[in-house]
Amino acid sequence: MYLSVISCIFTYICILLAVAFFTLLERKGLSYIQIRKGPNKVGLAGIPQPIADAAKLLTKEIAKPTMANFAPYFVAPVFSFILALLLWQLYPSLYSLGYFKWGILFFLCVSALNVYGTLLAGWASNSKYALLGSLRAIAQTISYEVSMALVLLFPLFIIGTFSFIEMKDAQSHVWMAFLMLPISFIWFVTCIAETNRAPFDFAEGESELVSGFNIEYGAAGFALIFLAEYANILVMSLFSALLFFGAGNMFFVESDIIFMFKVLFFAFAFIWIRGSYPRFRYDLLMSLTWKGFLPVSLAMLLLVLMLSYLIYF
């Protein structure tokens, strides 16, 4: 029991450090994409900048808006942060003490609950900007969860397991991305929309919503929302690498370091896309999932089901 608790605490500390320095990677990456310098004044080449940002946010006075609903206002960031950390329990490592045989179902349940953190933050702030931003984010997240659940059915039907660890090991001969390239592309775009990242960051449209659902938050509350968002980006990068580029193939045996580089590639792709594309229109975002991704996913799923039926029967 004590070993399990120590392992969980150590894992969460590593996640927080990874999130902190991923923000530094994002600021550096965006700066060089835009041909300018990023953080380079704090310490050696700006490396301690995330620690300075965390110290600044956690030592600031916590704002208490007079018109806010206090209990849900303070619960919302903590709720979002806990959900983001829960998903990391599914990390398929040899050093993990827990084993989720129904990991994909757990992932769908927890990711569906993320909507409530955004809803609480926007509604409890009692601000029209925050409420409009949260309603946008909820509509966007629920819409793209439909496509995400359908895409997850593909590896489920092909491999026949709900376990992320078995799904990773089953790709020892060929990566799933090569079997269904359009579906892997749909999955990654859906991950970007699920995490409210550019070019789909409509919950934080600065021109009309100031900062969206988190406009009334500062200090520790804003830090928790920020940590939850970036922890979700890293965990979605992890699942992207695991579902479609899982284990080593017949040409090489994969180690944890190689898998880590796969995750870093997908995480950097979030930054790369943010620096490359402008924000879409909201109606184009919604039509993309309902008129584009949903019909394609259903048609491809029907094809996979027919092939599975022919193979097994």
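Preceding block: the structure.
Values in this document were obtained by computation on a predicted structure and should not be read as measured data.

Cut-offs and rules
Note that residues are indexed from 1 along each chain, following the sequence as it is written. Confidence filtering applies because this is a predicted model: local features only for residues at pLDDT of at least 70, side-chain atom pairs given and counted only at 80 or more, and all residues used for totals across whole chains, interfaces and linings. Each side-chain value is worked out from all heavy atoms of the structure, with water and hydrogens disregarded. Under the scheme used here, helices are H or I runs from DSSP no shorter than 4 residues and strands are E runs no shorter than 2 residues, and both carry numbers assigned from the N terminus. Here's how the labels work: a residue is buried when its accessible area is under 20% of the maximum for its type, exposed when over 50%, partly exposed in between, all with a 1.4 Å probe on protein chains only. The contact criterion used is simple: two residues touch if any of their non-hydrogen atoms lie within 4.5 Å. Polar contact criterion, stated in full: a pair of N or O atoms within 3.5 Å, where within protein one must be able to donate a hydrogen and the other to accept it, and residues adjacent in sequence count only if both atoms are side-chain atoms.

**Student:** So what's going on with the environment of I6? Residues and values would help.
**Tutor:** Tracing the backbone through its elements, the reader meets I6 in helix α1 (residues 2-33). With 42 residues separating them along the chain, I6 and P48 place their C-alpha atoms 26 Å apart.

**Student:** Give me the environment of L301: which residues, what numbers.
**Tutor:** Inspection of the secondary structure assignment puts L301 in helix α12 (residues 282-312). Judged by relative accessible area, which is 7%, L301 ranks as buried. For L301, the contacting residues outside a window of four places in its chain are L150, L153, F154 and F157.

**Student:** Provide a residue-level description of the environment of A223, including the pertinent values.
**Tutor:** Within the secondary structure, A223 is located in helix α10 (residues 219-244). Between the C-alpha atom of A223 and that of M286, which follows or precedes it by 63 residues, the distance is 29 Å. With residues near it in sequence (within four places) discarded, A223 still touches L57 and L58.

**Student:** Can you explain the side chain of T190? Please cite residues and give values.
**Tutor:** Tracing the sequence through the fold places T190 in helix α8 (residues 181-194). Using a relative accessible area of 0% as the deciding quantity, one classes T190 as buried. A polar contact is formed between the side chain of T190 and the backbone oxygen of I186, at a distance of 2.7 Å. Residue contacts for T190: discarding those within four places in its chain leaves Y144, S147, M148 and F293.

Just geometry here; none of it tells us what the structure is for.
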